[in-house]
Amino acid sequence: MADSYYFLKEYGKAVQGFETFRAKFPSEERAPAALLRVGTARYFLKNYPGARRALSDVAKTNADDNIRAGALFYLAKVSEAESKLDEAIETLRGLTVDYP
């Protein structure tokens, strides 16, 4: 259901759904993907501090490369939105090196 809200751009409801999923199933293999969705949804809601926390947490997990790369990409977008352009560039540079 959380994915449905996400794709309908009802990001607040999506965050609630993904957070509920993560609380009920913290060890589930899809938990990092849910956290990535939390981060991107918060980015679209312009909740940049919340997005940064979630995306940073995802980037530190042992999730698959696509999930971690997605988190780094959106971390760069958060930095750009916060006018931290040097940080955004550095994050993107690291992304291209670590995940060519």
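Before any of the text, the structure's been laid out above.
### What about the layout of surface pockets?
Where empty space is left becomes clear once a probe the size of a water molecule has been rolled over the atoms. The space that makes up the largest pocket amounts to roughly 260 Å³. Surrounding the largest pocket, M1, A2, D3, G17, F18, F21, R30, A33, A34, L36, R37 and I67 form its lining. Going through the elements one at a time, α1 (2-7), α2 (11-24) and α3 (31-44) are the ones with two or more residues in the lining of the largest pocket. Tallied by class, the residues present in the lining of the largest pocket amount to 8 nonpolar, 1 polar and 3 charged.

### Examining the pattern of salt bridges
The final tally for this structure, using the stated rule, is 10 salt bridges. A salt bridge links E10 to K13, with the nearest nitrogen and oxygen atoms 3.3 Å apart. For E10, a relative accessible area of 32% puts it in the partly exposed group. Exposure remark for K13: the relative accessible area of 43% places this residue in the partly exposed category. Ionic pairing is found between E82 and K84, a salt bridge with its closest N-O pair at 3.5 Å.

### Side note on unusual backbone geometry
Positive phi values are uncommon outside glycine, yet K9 reaches one of about 65°. Assessed through its relative accessible area of 61%, K9 is described here as exposed. Notably, K46 is not glycine yet its phi reads approximately 65°, a positive angle. If you trace the backbone, K46 turns up in the loop between α3 and α4 (48-59).

Here is what the cut-offs are and how they apply
- Residues numbered from 1 in each chain as written.
- Predicted model: local features only at pLDDT ≥ 70, side-chain atom pairs only at ≥ 80, totals over all residues.
- Heavy atoms only, no water.
- 1 Å grid on protein atoms, 1.4 Å probe; cavity = no way out; pocket = protein on both sides within 12 Å on 5 of 7 lines; lining within 4 Å.
- Points joined across faces, edges and corners; volume = space filled by probe spheres on them.
- Helix = DSSP H or I, 4+ residues; strand = E, 2+ residues; numbered from the N terminus.
- Nonpolar A, V, L, I, M, F, W, Y, C, P; charged D, E, K, R; others polar.
- Salt bridge = Lys/Arg side-chain N within 4 Å of Asp/Glu carboxyl O.
- Buried < 20%, exposed > 50% of the residue type's maximum accessible area, 1.4 Å probe, protein only.

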